[in-house]
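Breakdown of the fold
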Amino acid sequence: MAPWVWVVIAVVVVVLIVLLLLATGRRRKAIQQKRDNANREKAAEIRRDAENRELDAREREAKAARARADAEQAQVEAARLSQQADQQATEAKSLREDVGERTRKADELDPDVKRDRDANRGATSHPNAARDAADTARGAGGARDGAREDRRNDGANPGQGGSHVDRDNPRSGI
């Protein structure tokens with residue numbers, strides 16, 4: 001064969017190889033572009049997920065901060081209530097002492113309680129024992145009837161006259 005045929009065949013082979021390389025390169029670029037697009041979409045999806053998780057994390061941090069603030073508020077309120085309880089206990093103690101003092105003063109002023117103390121030293125603890133003894137010593141019939149009337153009024157119905165002294169509890173009327 002002639003040498004020029006060999007040159008033409010070589011040129012055709014080289015052109016075919018170049019065309020084959022170009023076609024393969026384009027196919028590779030297309031495949032690479034598809035891969036890149038898929039990776040971009042995947043990256044965008046991962047970023048959206050990361051943003052959602054960031055928002056969730058912020059929300060949980062805000063809830064934790066609110067819970068801490070609520071806990072601190074509860075501690076402040078508990079301390080305030082504790083102070084109020086202490087103050088009220090102090091006031092109650094003061095009132096108890098005042099009631100005790102007033103009761104003592106009333107006992108000092110009340111002649112029935114004084115007689116009751118004297119009677120406790122003696123044989124009987126009946127609050128009207130001294131008056132009954134005085135009535136008996138007088139011996140007057142009218143005085144005895146008055147003493148019986150007093151006794152009926154003392155224990156039967158304290159709201160309708162009579163003494164405030166209860167026979168079982170001399171302090172009941174105070």
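So, how was this worked out
- Residues numbered from 1 in each chain as written.
- Predicted model: local features only at pLDDT ≥ 70, side-chain atom pairs only at ≥ 80, totals over all residues.
- Heavy atoms only, no water.
- Helix = DSSP H or I, 4+ residues; strand = E, 2+ residues; numbered from the N terminus.
- Buried < 20%, exposed > 50% of the residue type's maximum accessible area, 1.4 Å probe, protein only.
- Contact = heavy atoms within 4.5 Å.
- Areas by Shrake-Rupley, 256 points an atom, 1.4 Å probe, with all protein chains shown as cover.
- Salt bridge = Lys/Arg side-chain N within 4 Å of Asp/Glu carboxyl O.
- pLDDT = per-residue confidence, 0-100.
- Patch = residues over 30% accessible without salt bridge, like charges linked within 9 Å, V, L, I, M, F, W, Y side chains within 5 Å.

Examining the overall build of the chain
Scanning the chain from terminus to terminus reveals four helices and zero strands. Order of helices (α) and strands (β) in the chain, N terminus to C terminus: α-α-α-α. Looking at the chain residue by residue over its 174 residues, the buried ones come to 9%. Long-range pairs, those at least 24 residues apart, make up 37% of the contacts in the chain between residues at least 6 apart in sequence. Summing over all exposed atoms, the chain offers an accessible surface of approximately 14,500 Å²; the carbon and sulfur share of this is 54%.

Looking at the pattern of salt bridges
Summed over all chains, the structure comprises seven salt bridges. The salt bridge involving Glu59 is made with Lys63; its shortest N-O contact spans 3.8 Å. Of the two residues, Glu59 and Lys63 are both situated in helix 1 (residues 3-109); the distance of four residues between them amounts to about one turn of the helix. Glu59 sits in the partly exposed class, given a relative accessible area of 44%. The partly exposed category is assigned to Lys63, whose relative accessible area is 46%. Across the salt bridge formed by Asp98 and Arg102, the nearest N and O atoms sit 3.0 Å from each other. With Asp98 and Arg102 both in helix 1 and four residues apart, this pair spans about one turn of that helix. Overall, Asp98 belongs to the partly exposed group, its relative accessible area being 34%. Through salt bridges with shared partners, a single ionic network connects Glu101, Arg104 and Glu108.

Some remarks on the confidence of the model for the chain
Mean pLDDT over the chain stands at 77; residues scoring 70 or higher make up 64%. Considering each helix and strand of the chain separately, the mean pLDDT is smallest for helix 4 (residues 141-156), with a value of 45, and largest for helix 1, with 94. Scored below 50 in pLDDT, residues 121-130 makes 14 contacts in the model with residues more than four places away or belonging to other chains. Residue range residues 136-165 is modelled with pLDDT below 50. Its contacts to residues more than four positions away, or to other chains, number 27 contacts.

What to know about a nonpolar patch on the surface
Together, Trp4, Val7, Val8, Val11, Val12, Val14, Val15, Leu16, Val18, Leu19 and Leu22 make up an exposed nonpolar region whose accessible area comes to about 1,000 Å². For Val18, the position within the fold is in helix 1.

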